[in-house]
Amino acid sequence: MPIDLIAPPNGAQPDSALPPDDGAPPAAASHPVDPDAVALPPPPVDPLAGLLERVRERAGAALEPNVIAALAAMRDEFPASYETLRYQLKRAGVRVLRLDEEVDAARGVDAAGRRSQADVLLDALADADLYCAGGDATYADVRDCGHRETWPIRSTGFRRLARRRYLVATERAPNAEALEAALNTLDARAAAGPTREVHVRCAAVGDAIYFDLADTEWRAVEVTAASWRVVHEPPVRFRRAPGMLPLPLPERGGSVDELRALLNLRDDDDWVLALAWLLSALRGRGPYPILVWGGEQGTGKSTASEFLRALVDPNKVPLRRPPRDDNDVYISAVNAHVLAFDNLSGVSGDLSDSLCRLALGGGIAKRTLYSDADETLLDATRPIMLNGIDAAPTRGDLRSRCLFVDLESISDEKRRPLDDLRAAYDAARPRILGALLDVVAGALRALPDVNRAGLSRMADFCVWARACEAAGAWPPGAFDAAVRCSRSAPARARRDSLTTWRRKRHLVDERADRQAQRRSQSQRRE
C-alpha cells in the first residue's frame, strides 16, 4: 500500500529539503564555559618506555632522576625484569656499576651500608682456604655438605659453587661482573698464599699412597705398609678433572686372579707383565712402563685396556684416539692419571719422543694464548697403555720402556657377549681393587729389603715389581723371567714378523679396495 509522507511539525523542512553537504566540517557548537572547571592532567609517561633507544643515542639517559626512580621501583617489585633490563642496558653501553650505585641510593641504601654483589660473594666464600700450586694455578678448599672439596678458582665447578652460595644468601643469582670481580679477588689472595701440591687421582706422599675415589663425599684410600683404609679428608689435595668417574669402594677378601679370568691372555708371562704394569700405576710416582697390547682384530685389546684403566683411573672416555702432537699428549696427561690410546697404526717419531718423556717424567713449554712473551708449562709423569694391530713401536728408546703383551685369537666357543663380560667385571671390580691394594701395602713393607742387583732398563719400576713379587703378587722370579722372555730375540722376531705381516695384509686390503672401487666406477660408466 502507498506510504504517505508526513510533513515535520511546526513547518520544519524535511531531510530531503536540507542543503547539500559541501564537505566542510560542521561549525562547532557553542557551549558556555564553566569558570570553575579544572583541566585534567595529561596521562603519565613511563620513563622506561623507549629507554634502550634513548640510551643508544645518549648513554647518560639511563642516569636521569626519573629513570633511576623507575629502575629502583622495578628492582624492588620485579627483580627478574630488572636484571633483564640491566643486561640489555649493559649491551647498549651503559656503565652498570654506576647504574647500580644510583639505583641503590634511590632505594634508600646509604653509601656506607651498601654491599655489592661481589662483597656478598666474598662473604659467602669467606671459609675458603686459598693457596697456589706453583705457576699460575690457584686453588680453594671449601667445605660443602659436610666434606672438604678442592677446586681451581677459575674452574666451572668453583663458579657453580659460588653461584649456589650467593643464591642461598640472596635468593637470586649474581651477575657476571660481580662473579668475575669476586674470583679476581680470591685469585689474588690465593697467589699470595701458601704453596701446596695438587694431584690427579693418585699421590705418593712420604711412606703412604693415596687414591682419590672421586665420589660425591670426596673420600680417598690411604695405603701404608701396615694396611689400607678409606679416609674422608686425606692430607693431600686432589682436583677433579672433567670426565673422571668414581672408583668403587674396595672390598677385602678378593683375589687378582678374578681379573685374569676376564682377560684373553696367552700365558703366565703375559699375566705377570700386565699385573706388574697395573701395580706400577698404583704406585703414585714414576717412572712408569708403557703397556703395549698386541694381537689380531677381535682379540680383546680394547676391552683389556678399558678393564685395567677402570681399576686405577676410570673415565667417561677411557680410550682415546692417537694424539696429534705434544700439546694433545700433555693436555690429556694434566687431566688424567692413566693415558690409554686405542687402535694405533704405528708410532711416529714425534709420538715416540712424547711417550718417552711422559713415561720417564718431563714436560713441554708453549706460548700462552693471546700473549707474545709468556709461556705455559705442562709437566707430568703418567702410566700409558697402547693397543692396536700395529701398535708395537720400532724405535729402540721407546721399545726399552715397553711391556709387550700379545693376546691370542678367541674361538667361537669361548667368545662371550661384551655386556655379559662387563657385568662380570663390574661385580668383581671392588674385590679386585681390594686385592690390588693388599699387594701395594705388602710392597711398601717389602720395598726397603728388595734386592737391587741386576736391574734392567726402567730400574725404578723393576725395584717396585720385585717388591710386589715379595708381597705375593706372583711366584718368585716370575717377573724377571717374563721381562727376559718379552725382550728376548725370539720374542722380538715374532713381534717384528707379525708387524710385517700385518702391514703387508693392510697393503693387500687397500689394493683390493682400490680395485673394487675402479670396477664399480667402470660399471657405472657402462
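### Some points on the packing of aromatic side chains
Going through the model one piece at a time under the given rule, you end up with 5 aromatic pairs. A centroid spacing of 4.0 Å and a plane angle of 0° characterise the contact between Phe-307 and Tyr-425, whose relative ring orientation is stacked. Taken as a pair, Phe-307 in helix H10 (residues 301-310) and Tyr-425 in helix H14 (residues 418-446) lie far apart in primary sequence, 118 residues in all. With respect to class, Phe-307 is no different from Tyr-425; both count as buried. Consider the rings of Trp-474 and Phe-479, whose centres lie 6.2 Å apart with planes at 25°: the pair is stacked. Assigned by exposure class, Trp-474 and Phe-479 land together as buried. Connected via pairs of aromatic rings, a cluster forms that spans Phe-461, Trp-474 and Phe-479. Over the ring of Tyr-131 we find Arg-196; its NZ or CZ atom is 4.6 Å from the centre of that ring.

### Focus on the confidence of the model for the chain
Here the chain averages 83 in pLDDT, while 83% of its residues score no lower than 70. Confidence over residues 1-25 falls short of pLDDT 50; this stretch has 2 contacts with residues more than four positions distant or in other chains.

### Comments concerning the pattern of salt bridges
Overall, the coordinates contain 27 salt bridges when judged by the stated rule. Of the charged contacts in the structure, one is a salt bridge between Arg-165 and Asp-127, with a shortest N-O distance of 2.7 Å. Here Arg-165 is found in helix H6 (residues 156-170), whereas its partner Asp-127 is found in the loop between helix H5 (117-124) and strand S1 (129-132), with 38 residues between them in sequence. Arg-422 is the partner of Glu-306 in a salt bridge, and the nearest nitrogen-oxygen pair spans 3.1 Å. Taken together, the residues Glu-306 in helix H10 and Arg-422 in helix H14 connect sequence positions 116 residues apart. Looking at Arg-422, the relative accessible area reads 32%, which means it is partly exposed. Look at the salt bridges and you will find they share partners, linking Arg-86, Lys-90, Asp-100 and Glu-177 into a network.

### Notes on helix H16 (residues 478-486)
Turning to H16, its buried residues number three or more, namely Ala-478, Phe-479, Ala-482, Val-483 and Ser-486. Along the long axis of H16, the arc covered by the buried residues comes to 130°, so they all point the same way.

### Some remarks on unusual backbone geometry
A cis geometry characterises the amide bond from Gly-286 onward to Pro-287, with omega recorded as 0°. With respect to the helices and strands, the residue Pro-287 is situated in the loop between helix H9 (268-281) and strand S10 (290-294). Backbone geometry at Cys-145 places phi at a positive 55°, although glycine is not the residue there. Looking at the element boundaries, Cys-145 is found in the loop between strand S2 (138-144) and strand S3 (147-152). Here Cys-145 falls in the exposed class, since its relative accessible area comes to 70%. Of note in this structure, Glu-171 is not a glycine but carries a positive phi near 65°. Mapped onto the elements, Glu-171 comes out in the loop between H6 and helix H7 (176-191). Classification of Glu-171 as exposed rests on a relative accessible area of 71%.

### Some words on the environment of Asp-127
Overall, Asp-127 belongs to the partly exposed group, its relative accessible area being 41%. For the pair Asp-127 and Arg-143, spaced 16 residues apart in sequence, the C-alpha separation works out to 7.7 Å. Setting aside its immediate chain neighbours within four residues, Asp-127 contacts Asp-141, Arg-143 and Arg-165.

Calculation criteria
- Residues numbered from 1 in each chain as written.
- Predicted model: local features only at pLDDT ≥ 70, side-chain atom pairs only at ≥ 80, totals over all residues.
- Heavy atoms only, no water.
- Phe/Tyr/Trp six-rings, centres within 6.5 Å; stacked < 30°, edge-to-face > 60°.
- Helix = DSSP H or I, 4+ residues; strand = E, 2+ residues; numbered from the N terminus.
- Buried < 20%, exposed > 50% of the residue type's maximum accessible area, 1.4 Å probe, protein only.
- Lys NZ or Arg CZ within 6 Å of the ring centre and 35° of its normal.
- pLDDT = per-residue confidence, 0-100.
- Contact = heavy atoms within 4.5 Å.
- Salt bridge = Lys/Arg side-chain N within 4 Å of Asp/Glu carboxyl O.
- Arc of directions from axis to C-beta.

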